[in-house]
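# Notes for the structure review
Here are the chains, one letter per residue:
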Protein chains: 4
Amino acid sequence: MKRKTYNFLYRNKRFVKFIYGLIVLNIVALVLESYKELREPYGFIFDAIEVVSVIIFTVEYFLRIWVADINKRMKKSRFVFLVSPMGIIDLLAILPFYLPLIFTMDLRVVRILRLLRLLRIFKLGRYSKSLKSIRSVFKETKADLSIAFFVGFILMILSSTLMYYIEGEAQPEKFATIGHSFWWAIATLTTVGYGDVYPITAMGKLLSAVITLIGIGFIALPTGIISSAFIEKIKRKKRKRKRRKITCTCPNCGTTIKV
Amino acid sequence: MKRKTYNFLYRNKRFVKFIYGLIVLNIVALVLESYKELREPYGFIFDAIEVVSVIIFTVEYFLRIWVADINKRMKKSRFVFLVSPMGIIDLLAILPFYLPLIFTMDLRVVRILRLLRLLRIFKLGRYSKSLKSIRSVFKETKADLSIAFFVGFILMILSSTLMYYIEGEAQPEKFATIGHSFWWAIATLTTVGYGDVYPITAMGKLLSAVITLIGIGFIALPTGIISSAFIEKIKRKKRKRKRRKITCTCPNCGTTIKV
Amino acid sequence: MKRKTYNFLYRNKRFVKFIYGLIVLNIVALVLESYKELREPYGFIFDAIEVVSVIIFTVEYFLRIWVADINKRMKKSRFVFLVSPMGIIDLLAILPFYLPLIFTMDLRVVRILRLLRLLRIFKLGRYSKSLKSIRSVFKETKADLSIAFFVGFILMILSSTLMYYIEGEAQPEKFATIGHSFWWAIATLTTVGYGDVYPITAMGKLLSAVITLIGIGFIALPTGIISSAFIEKIKRKKRKRKRRKITCTCPNCGTTIKV
Amino acid sequence: MKRKTYNFLYRNKRFVKFIYGLIVLNIVALVLESYKELREPYGFIFDAIEVVSVIIFTVEYFLRIWVADINKRMKKSRFVFLVSPMGIIDLLAILPFYLPLIFTMDLRVVRILRLLRLLRIFKLGRYSKSLKSIRSVFKETKADLSIAFFVGFILMILSSTLMYYIEGEAQPEKFATIGHSFWWAIATLTTVGYGDVYPITAMGKLLSAVITLIGIGFIALPTGIISSAFIEKIKRKKRKRKRRKITCTCPNCGTTIKV
C-alpha cells in the first residue's frame, strides 16, 4: 500500500502532470487576482481555486511525509524529508492558508502570508531533470562568478561614493545619500539606464562615462565565465562518446589499436 | 514543359533575383505608404505596385502548385506543397488582396488583412542557404535556450509579483496589477530600461537592484549557450577536414587504415 | 635621395610619432573648437594649428606621391597610391582647406568641408599592426555577422510594422510612420531604451515584451560569433608554437620521435 | 620578536579577519554617514569608529615598516615597502586623518581628504588569492582589450563629432559642444540609454541607429575577448593535469620518456 502510494507520488506521470497543472493554475490565478476588474466579480472563483489547491497540496504533503520512510533519497527518514528544501517548500506552500484560520492576525501580515503562495512555483522544480544542466553550469562557475560580483560590488561602492561627493551639491535630492547614489550605480553598471538619475555636472558626466565603460567589462565577465562553462560541458559530453569509439581494427590481421 | 517550368521556378537565378527584388520593393512600399505625405499624392503608385505584385505572386503560386507533383522535396504531391510552411506563406501573401473583393468586410478587418502583406518577407527564406548556419545553431541550443528562457520567465513572475506587493501602494497607477509589474520586469531584466516605470520606494529599489544583478546572468546565459554552439560549429568544420588525414598503421603487418 | 625620403616617411619612428601627435592635436583642436568659450578668444590658435597641420600634411602627401614609384606595396606606381584608400584619405584630409580658397562657396558647404577634417583620424591606421588582430576577427566572422544583422534587420522591419499598426492609434505622434516605429525597434532590440518612445497599450506592451526577449538573442548572436572567432585565433597561435616543440628525444639511443 | 610580529601581521588568520572586518566597518560607516538622519544624532559613533580605525591602521602601518626588512616579498627593504602599491595605500588610508590636525586647511580640501578614506577598500586586496584568476584574465587580454577600447574611443569621437554637426542646430542646448555630444555617444554605444539626450531630427536618428547597431559589436568585442581568455584558463588547468599522463616510448630501445 505504502509502496503503491510512493510510486503514485514520485513515478506516476499523470499525477506529476496534474500537480504541475495545478501549480500553473495557481500562478495564473495569483496574477489575474491582481486585476481589480477580475477580482471583484469573480473573487469566488479565485477563492475556490485556492481552497481546492490547498486541500490537494495538504493531502500531497502528508502522503509524502507518510512515504518518506521508504524514500531512499530521503534516507528513509521522515525527519530528513521535513527539513529538506522540497519539504519546507511543500509546507510553506500550504501554511499561509491555515495560519489566519488559527490565529487572529493583522491584515498586513495576512497580505504577506498570501504572498508566500508564490513559493508554490518552486514545487515545479521537484522532478525537473532539464534544469540540472543550467544548475551544474552555475555550480561550476560559482567561485569565478562570486568573485566577479564581489569586484562589481566594490566598483559600485567606489563609484557611488565618488558620485555622491561630485554630484551631491548639484542634485541634492537625487544624490542625497550614498544609498541614492548606489541606485544610480546599479542602473549604470548594468546598462539598464532608467533615466531617473543621471549626472548633470561635467565632472559627474566624466566619472559616469568612465564607470560605464568599465561596466561593459563588468557585464562581459559573467558572460565570459558562463560561456566557458557551457563550452566545457559540451566538450565533456563529446569526450565521453568518443572514448568508446576511437579504436581501429586492422582488416588484415585483426589487431585492434586504440588511437 | 512542366519540367521546364519547375527548373525556371526553382533553379533560374534571374527569376529568383526578380522575386527577391519584388519582395524588397513590396516591403519598401509598405514602409513608405505609412508616410501620409507620400501616401496621399502617390497612392496610385503604391496601388499599382500592390496589384502587379499580387498578380505575379498569384501566377507564381499556381505554377508552384502545378509543378509540385514533380518536386521531390514536396514528395511529388500537390497536397504536401499546399500545407507546407512555404505553401501557406505563399497563399497568405496573396489572399489578403482577394478577400475584400469577394466578401464585404469591416474596415478594421481589411486593415489587419493588409498587414498580412508583411508575411511576404518570409518568402525571402525559400532558397537561402546562408540562413541555415544560424538556424542550425538555434536548433542545437533549443533545449538549453528554452530552459534559460523558462528560468527567466519564472524569475520575471517572481519579481513582478513581489514588486506589485512592494511598490503597489506607492505607485498605484504604474504597478496597478501584476501585469503592469511584469512590464517593469521585462524592461529591467533585459536591461532595456525605458524609464517609464521604475521603483521609488527604498524597498522597491533594493529589490530592483537585486533583480537587475540577476538580470546580467539572465543575459549571460543565452549568450554563453549560443557562443558555445558557434564554437562547436567551427570545430566540426575543422574536424571534417582533418578526418582525411588521420590514418593509423598496424604494428603487426604494416597495413595503413584510414579512420 | 628618393630612397632616403622613402625610409624617412615609412620607417623613421620619430617622424611616425610626430605625424601621430599632429593627428591627435588636430582631433583635440576639433573637439575644443566646438566650445564657444574657447573658440571666440582663442580662435587664432585653432586657425594656426589648422594652417600648420595642412602645410605639413600637404608636404607629406606630395612626398608620398613622389616616392610611390619605389614603394613595393604600391606596386611602384604613383597612380596606385593616388587611388589607394590611404592615398584618398591623405587627399581628403587636406582638400577641405584649399577648396574654399579657390572657389566661392556657400557657408553650409564650407561647414561640411570642415567636418571632413575628421577623416584625419583614419591616418592613424597607416602603420598600426595591432589593429590587424581585430580586423582579422571581423573578416573571418563577416559571413556569419552579416547574416546575423540581416536577420536582425528583418526582425526590426517586422516588429516596427506591427508596432505601427498596434500603437499608431494610441500614440499617433510617436508612432506616426513605420520610420518612427523603426526608431523604437532599434532602441528596444539593442536594449538602449532611451525612453522617448515606448508602447502604452496592453497589446503594444505585450508585443514589445516578446520583441525584447528576442532582442536578447539578437545581442547574443554577434557576441557568440565574435567570441568563437577569438577562441579560434588563440588556438591557432598555440598550435603554431606547439608544432615545433613536441618532439622527444630518447636519452638512451638518441632517436627523436614526433608525438 | 620581529619574526613573531611578521608572522602575526602576514600569517595570523584571526588578525587578517579582524583587519578585513575593520575595513568593512569603515566602508559601512562611510555609507551610513552620508544619511543626514544618522549623521546628526549618531555623529559621535562615526567619529569614534574613525579615530579607533586610524589608530589601529597607523600601528599596523608602522609595524609593517618595521618588519619589512625581513619580508622577502619586499626584498628585505623598508624602502621597497614604502613605495610598493600596498605601502602607499596603507599610508593614504591614514594620512587624511592627520593632515588637518597639522596644517590649517580649507574646508573643501578637508572634504576631499575625507574621501580618501575610501582607499581603505583596496586594503582588502592584500591577501586575496581568489582575485588572482580574474586579474590574470585581464592581464592576458590586456593587448586585445586596449585595442578594442581604442577602436571604441575613435568610434565615439567620430560619432559624437558627426552628431554635433547634425543635431547641433535642432537641439542647441543638448548638443552644444562635441563634449555634450560625447555624453550621448557613451550612453548610446554602451546601451545604457539614460534618455536625457537623444536625437530628434530624422538624420540624427538615422546616424544614431547605425551607431547603436555598431555599438552591439563594441560590446560583443570585449565579451568575446574575455570569454576566450576564460576558456583558455580552463584548458590550461586540464592540460596540467593531463601532462603527467603523456609518455612516449622509443621504438628502438623501449625506453619510456615523460614529455
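The preceding data block contains the structure.
About the cut-offs
- Residues numbered from 1 in each chain as written.
- Chains lettered and ligands numbered in written order.
- Predicted model: local features only at pLDDT ≥ 70, side-chain atom pairs only at ≥ 80, totals over all residues.
- Heavy atoms only, no water.
- Contact = heavy atoms within 4.5 Å.
- Buried area = accessible area lost by both parts, 1.4 Å probe.
- Salt bridge = Lys/Arg side-chain N within 4 Å of Asp/Glu carboxyl O.
- Phe/Tyr/Trp six-rings, centres within 6.5 Å; stacked < 30°, edge-to-face > 60°.
- Buried < 20%, exposed > 50% of the residue type's maximum accessible area, 1.4 Å probe, protein only.
- Lys NZ or Arg CZ within 6 Å of the ring centre and 35° of its normal.
- Patch = residues over 30% accessible without salt bridge, like charges linked within 9 Å, V, L, I, M, F, W, Y side chains within 5 Å.
- Areas by Shrake-Rupley, 256 points an atom, 1.4 Å probe, with all protein chains shown as cover.
- Lys, Arg positive; Asp, Glu negative; His and termini not counted.
- Charge placed at Lys NZ, Arg CZ, Asp CG, Glu CD.
- Helix = DSSP H or I, 4+ residues; strand = E, 2+ residues; numbered from the N terminus.
- Least-squares fit on C-alpha atoms with pLDDT ≥ 70 in both.
- Core = buried A, V, L, I, M, F, W, Y, C linked by side-chain atoms within 4.5 Å.
- Polar contact = N/O pair within 3.5 Å; in protein donor to acceptor, adjacent residues only side chain to side chain.
- Nonpolar A, V, L, I, M, F, W, Y, C, P; charged D, E, K, R; others polar.

### Notes on the interface of chain B and chain A
Note on interface size: it is often stated as the accessible area lost on association of the parts. Listed per partner, the contact involves 55 residues of chain B and 49 residues of chain A. For the chain B and chain A pair, buried surface summed over both sides reaches about 4,400 Å², with 76% attributable to carbon and sulfur atoms. Of all residues in chain B, Tyr-165, Ile-216 and Leu-221 of chain B give up the largest surface area on contact with chain A, accounting jointly for 14% of the area buried on that side. A salt bridge links Lys-233 of chain A to Asp-144 of chain B; the nearest nitrogen and oxygen atoms lie 3.4 Å apart.

### Digging into the packing of aromatic side chains
Within the structure shown, the criterion is met by 40 aromatic pairs over all chains. Summarising the aromatic geometry, the rings of Phe-8 of chain B and Phe-15 of chain B are spaced 4.7 Å apart at their centres and angled 40° between planes, so their arrangement reads as tilted. A residue is classified by how much of its surface remains accessible, and Phe-8 of chain B, at 40% relative accessible area, is partly exposed. Accessibility expressed as a relative area gives 11% for Phe-15 of chain B, which makes it buried. Sitting over the ring of Tyr-198 of chain A, Lys-174 of chain A keeps its end group 6.0 Å from the ring centre. Directly above the aromatic system of Tyr-10 of chain D lies the positively charged group of Arg-64 of chain D, at a separation of 4.9 Å from the ring centroid.

### Structural notes on a positive patch on the surface
On the surface, a cluster of positive charge is made up of Arg-3, Arg-11, Lys-72, Arg-73, Lys-76, Lys-132, Arg-135, Lys-139 and Lys-142 of chain A. Counting residues per element, the positive patch draws most heavily on helix 8 (residues 131–140) of chain A, which supplies 3 residues.

### Things to note about the relation of the copies chain B and chain A
What relates the pair of chain copies is a rotation about an axis plus a shift along that axis. The two copies are related by a screw motion: chain B maps onto chain A through a turn of 90° and a shift of 0.0 Å along the axis, at an RMSD of 0.1 Å. A rotation of that kind, with that shift, is consistent with a four-fold axis.

### Let's talk about the nonpolar core
Of all hydrophobic cores here, the largest spans 162 residues; its most connected members are Trp-184 of chain A, Trp-184 of chain B, Trp-184 of chain C together with Trp-184 of chain D. When near neighbours in sequence (up to four residues on either side) are disregarded, Trp-184 of chain D contacts Tyr-194 of chain C together with Ser-159, Met-163, Phe-175, Val-197, Tyr-198, Pro-199, Ser-208 and Ile-211 of chain D. By size, the runner-up hydrophobic cluster in this structure holds 46 residues, among which are Ile-134, Ala-220 and Ile-226 of chain A together with Phe-230 of chain B.

### With respect to the interface of chain C and chain D
Every contact between the two is made by 49 residues of chain C and, on the other side, 55 residues of chain D. Sorting the residues of chain C by area buried against chain D places Arg-111, Trp-183 and Tyr-194 of chain C first, and these three jointly supply 15% of that buried surface. If you look at where chain C meets chain D, you find 2 salt bridges. We note a salt bridge from Glu-169 of chain D to Arg-111 of chain C, for which the minimum N-O separation is 3.6 Å. Between chain C and chain D we count 6 residue pairs in polar contact (both at pLDDT 80 or more) in total. Mapped onto the side of chain C that touches chain D, the elements with two or more residues apiece are helix 2 (13–33), helix 7 (107–115), helix 8 (131–140), helix 9 (142–167), helix 10 (178–189), helix 11 (202–245) and strand 1 (247–249) of chain C. Residues of the side of chain C that touches chain D, tallied by class, amount to 31 nonpolar, 11 polar and 7 charged.

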